[in-house]
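Letter by letter, the chains look like this.
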Amino acid sequence: RGFAGCNRFNATVTESKPGEIKLGPPAATKMACPPAQMDLEQKFLADLAVVNRYSYVAGQLALGFQDGDRAGVLLLRK
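Read on for an overview of the structure. (Residues numbered from 1 in each chain as written. Predicted model: local features only at pLDDT ≥ 70, side-chain atom pairs only at ≥ 80, totals over all residues. Heavy atoms only, no water.)

1. A closer look at the layout of surface pockets
Remark: the empty space left among the atoms is shown by a probe the size of a water molecule rolled over them. The condition that has to hold: Of the two site types, the cavity is a set of points on a 1 Å grid over the protein atoms alone where a 1.4 Å probe fits but cannot get out, and the pocket is an open set with protein on both sides within 12 Å along at least five of seven lines, each lined by residues with an atom within 4 Å of a point. Grid points are joined across faces, edges and corners, and a volume is the space filled by probe spheres set on the points. Starting at the N terminus, helices and strands are each numbered in turn, a helix being any DSSP run of H or I of at least four residues and a strand any DSSP run of E of at least two. Put simply, Ala, Val, Leu, Ile, Met, Phe, Trp, Tyr, Cys and Pro go in the nonpolar bin, Asp, Glu, Lys and Arg in the charged bin, and everything else, Gly too, in the polar bin.
Size it by volume and the largest pocket reaches roughly 530 Å³. Residue lining of the largest pocket: 21 residues in total, with Arg1, Gly2, Phe9, Phe44 and Leu76 positioned closest to the centre. Elements that contribute at least two residues to the lining of the largest pocket include exactly β1 (2-3), β2 (8-10), β4 (20-23), α1 (35-49), β7 (60-67) and β8 (70-76). The dominant element in the lining of the largest pocket, judged by the number of residues it contributes, is α1, at three residues. Across the lining of the largest pocket, the residue classes tally to 15 nonpolar, three polar and three charged.

2. Section: the pattern of salt bridges
Here is the rule: When a carboxyl oxygen of Asp or Glu is within 4 Å of a side-chain nitrogen of Lys or Arg, the pair counts as a salt bridge. Buried residues are those whose accessible area, probed at 1.4 Å on protein chains only, stays under 20% of the maximum for their type, while exposed residues exceed 50% and partly exposed ones sit between those limits.
Tallied over the full model, the rule gives three salt bridges. Of the charged contacts, one joins Lys17 and Glu20 as a salt bridge, the two residues approaching to 3.7 Å between their closest N and O atoms. Residue Lys17 is classed as partly exposed on the basis of its relative accessible area, which comes to 46%. The class for Glu20 is partly exposed, based on a relative accessible area of 35%. As a salt-bridge pair, Arg70 and Asp47 come within 2.8 Å of each other at their nearest N and O atoms. Here Asp47 lies in helix α1 and Arg70 lies in strand β8, a separation of 23 residues in the sequence. Note on Asp47: relative accessible area 13%, which makes it buried. One connected set of salt bridges, linked through shared partners, spans Asp47, Asp67 and Arg70.

Okay, structure coming up:
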């Protein structure tokens, strides 16, 4: 669970083996925010939905994803 910039979200997490995870579809509250903020939040939640690995970088959780030709890392902090 967390905060996506405008709304709170949660998702199930299943670890298949160390470093590999599968997230269920994120569920989020439906508060309205400025359009630019909502667009960024939707991109974040879309990337979060395809996360398939995790690690730690400088004490922060790094979630890796790949979706077709798109790949990246979400670096999260508490």
